[in-house]
Amino acid sequence: MGIPAGALAILGFYDMVQRSHALWRNFPVIARIRWIAEELRPFLRSYIVESETEGRPFNNEERAMVYRRAKDVTSVEPFGSHLDIDRPPYEWLAHSIAAKHTENNDPRVLIGAPGTPQPYSASIFNISAMSFGALGAHAIEALSKGAAMGGFYHDTGEGGVSRYHKRGGADLVWELGSGYFGCRAKDGGFDAVRFEDTARDPQIKMIEIKLSQGAKPGHGGVLPGEKVTEEIAEARGIEVGETCVSPPAHSAFSTPIEMLEFAAKLRELSGGKPVGIKFAVGNRWETLAICKAMLETGLRVDFMVVDGGEGGTGAAPAEFLDHVGAPLRQGLVLTRNALVGTGLKDDVKLGCSGKQISAFSIASSMALGADWINTARGFMFALGCIQSLNCHNNTCPTGIATSDKSRQRGLVVDDKAVRVRNFHHNTMNALMEVVGAAGCSHPSELTPRHIMHRVTEDIIYSAERAYQLVKPGELLDAPEETSLAHEWDMAQAHTFVPRGLRAAR
């Protein structure tokens, strides 16, 4: 007992004389219990206190569903729903008496505007953008290998195409952010020669220009030089140890028309592969301005991916996580209305991402206009993520969101690749059961009338009415009859600045 007592006495004396913590000075040793409790609090809440449907960003029930599907075990539930179905904003799918059974468990969508030389047939459920560096080498390789096994694509994130993306063998979507990693010139701008050299790799199927992301739209970022290892430098096209900046906006374009011209240039340099944009919806007139630019020039992006404000990232300021960027449902509806209202929806395919891991979340988004769905955190759970919320500390206990090789060792690529494939396969099976229950043969047949939305405890609307959906061509023929009349008038093809801004102020 002498040594422990002596150690406590020394600790107590230190607490009394140190000047940083008032509690330690007033309550030596005992006050440290508070710090221990704070460290343990997230784990105690998650494993002991929270109910099945509590917890954020994903609750226990959602995580357990992914784990079971990834392990290829049954994910059915006993005794009824845990959700409060009598309160808004509860939604459900309107099933059909004439339900169907379909053998097609691999629904796909062909992405490519008219005239695009190399359209891509994509799964309707894919891995959303996660960069090498944000995720470790083992995680990236396991995701890519699982996607190759399952026949779906893997978005590289804006950190460039790494050796581990390629090693897994998946179809890749190369995300190009404002840092132009993988095709970055010495001055931080876009290098067309380096882009063409990478983009013509047969493993790269599409190019995605990232305008913003849901978790921190309009924020940009800095990669400190001490984090730029040889592997990261190789993927991003920068020097080892070089600090590099991703500005909030692109330097290659500054107007809607310039953006379309840049997309057309990338399509040509890539050999005719589909080129699209990814963004979180902010100012509604900016999305409409892009549509006006497409109508005016005849140029098209091949696809748009809407990223919801509830999206995740390794780290972001709290204000951006909580209050910047439209939530997915509102962003998706706005973009769907813009494309449908301008008659562009047949040419421009629409994807979306943001906390979509269940068959119903996929079905409801597709009923509201999405042609396919991406998820990042869903596939992280398939890899074994336990939502420890240490992504930004480089201390991820499962070896997923860390560059620490000793922690990455715990993630066995071949085993986790199978789980990635299983999660996709079993989710598609569940989706097709939901689609069949609605009396449809393919998710593309779902309509807003299939989704019922509880507005109040006593009032229920179909999604078509609840979200004020625009009719085909209505923004061209009768914009004054839509909920977007004011923003449509503000939108300009030649600038992202709205018409009448000075007068409005």
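As a convention, each chain's residues are numbered from 1 in the sequence order in which they are written. Given that the model is predicted, a residue must reach a pLDDT of at least 70 before its local features are reported, and side-chain atom pairs must reach 80 or more before they are shown or counted; all residues, however, enter totals for whole chains, interfaces and linings. Side-chain numbers here rest on the full set of heavy atoms in the structure, without hydrogens or water.

K.L.:
What is the right way to look at a nonpolar patch on the surface in this model?
P.N.:
Patch construction takes residues with relative accessible area above 30% that form no salt bridge. Like charges are linked within 9 Å, and nonpolar side chains (Val, Leu, Ile, Met, Phe, Trp, Tyr) are linked within 5 Å. The Shrake-Rupley method, run with a 1.4 Å probe sphere, supplies the accessible areas, and residue values consider only the shown protein chains as cover. Just to be clear on terms, a salt bridge is a Lys or Arg side-chain nitrogen sitting within 4 Å of an Asp or Glu carboxyl oxygen. A surface patch of nonpolar side chains, amounting to about 790 Å² of accessible area, comprises Ile36, Leu40, Phe43, Leu44, Tyr47, Ile48, Val49 and Ile386. Under the scheme used here, helices are H or I runs from DSSP no shorter than 4 residues and strands are E runs no shorter than 2 residues, and both carry numbers assigned from the N terminus. Turning to its location among the elements, Leu44 is positioned in helix α3 (residues 32–49). Looking at Leu44, the relative accessible area reads 42%, which means it is partly exposed. Only protein chains enter the accessibility calculation, which uses a 1.4 Å probe; a residue is then buried when its area is under 20% of its type maximum, exposed when over 50%, and partly exposed in between.

K.L.:
Can you help me understand the nonpolar core in this one?
P.N.:
Joining through side-chain atoms within 4.5 Å is the link that ties buried Ala, Val, Leu, Ile, Met, Phe, Trp, Tyr and Cys residues into a set, and such a set is a nonpolar core. Judged by nonpolar contacts, the single largest core of 125 residues is most densely connected at Phe195, Met294 and Met304. Per-element accounting of this core gives the leading share, eight residues, to helix α16 (residues 413–437). Two residues qualify as a contact provided that any one of their heavy atoms is within 4.5 Å of a heavy atom in the partner residue. Once you skip the residues sitting within four places of it in the chain, Met294 turns out to touch Leu260, Leu299, Arg300, Val301, Met304, Leu339, Leu344 and Val348.

K.L.:
Explain the pattern of salt bridges to me, please; I cannot follow it from the model alone.
P.N.:
If charged atoms from side chains of opposite charge come close, those side chains can pair. By the definition in use, this model includes 24 salt bridges. When the shortest N-O distance is used, the salt bridge between Lys210 and Glu158 registers 2.6 Å. Linking Lys210 in strand β7 (residues 204–210) with Glu158 in the loop between β5 (153–155) and α6 (163–168), this pair joins segments that are 52 residues apart in sequence. The same class applies to Lys210 as to Glu158, namely buried. Linked through salt bridges whose partners overlap, the residues forming this network are Asp84, Arg87 and Glu457.

K.L.:
Is there a simple way to explain the packing of helix α5 (residues 137–150) against α16 in this structure?
P.N.:
In a packed pair of helices, the relevant descriptors are the angle between the two axes and the axis-to-axis distance. At a closest axis distance of 7 Å, the pairing of α5 and α16 adopts a crossing angle of 50°. Taken together, α5 and α16 sit at an angle that is classed as oblique. Crossing of α5 over α16 shows right-handed handedness. Contacts between α5 and α16 involve His138, Glu141, Ala142, Leu143, Lys145, Gly146, Ala147, Met149 and Gly150 from the former and Val413, Asp414, Lys416, Ala417, Val418, Val420, Arg421 and His424 from the latter. Simply put, an axis is a line fit to the C-alpha atoms, just over the touching stretch for a helix, and the angle between two N-to-C directions goes from 0 to 180 degrees. We call two directions roughly parallel when the angle between them is under 35 degrees, roughly antiparallel when it is over 145, roughly perpendicular when it lies between 65 and 115, and oblique otherwise. Crossings are sorted by hand: turned counterclockwise from the far helix by less than a right angle, the near helix makes the crossing left-handed, and turned clockwise it makes it right-handed.

K.L.:
Explanation requested: the packing of helix α7 (residues 192–199) against helix α9 (residues 256–269) in the structure shown.
P.N.:
Where α7 meets α9, the axes come as close as 9 Å, and the angle between the chain directions of the two elements is 50°. With respect to α9, the element α7 is oriented oblique. Residues Ala192, Phe195 and Glu196 of α7 form the contact with α9, whose participating residues are Lys265, Leu266 and Leu269.

K.L.:
Would you mind going over the sheet that holds strand β14 (residues 451–454) with me for this structure?
P.N.:
Backbone-to-backbone hydrogen bonds join strands into a sheet, with any given pair of strands oriented parallel or antiparallel. Read from one edge to the other, the open sheet built from three strands follows the order β1-β14-β15, with strand pairing classed as antiparallel. Edge strands, defined here as strands with exactly one partner in the open sheet, are β1 (91–93) and β15 (460–462). The sheet shows a mean angle of 25° between the axes of neighbouring strands, taken without regard to direction. Pairing between strands requires that DSSP locate at least two bridges from one strand to the other. Here β1 runs beside β14; their pairing, made up of three bridges, is antiparallel. Within β14, the residue paired with Glu91 across the bridge is His453.

Worth remembering: the numbers are spatial, not functional.
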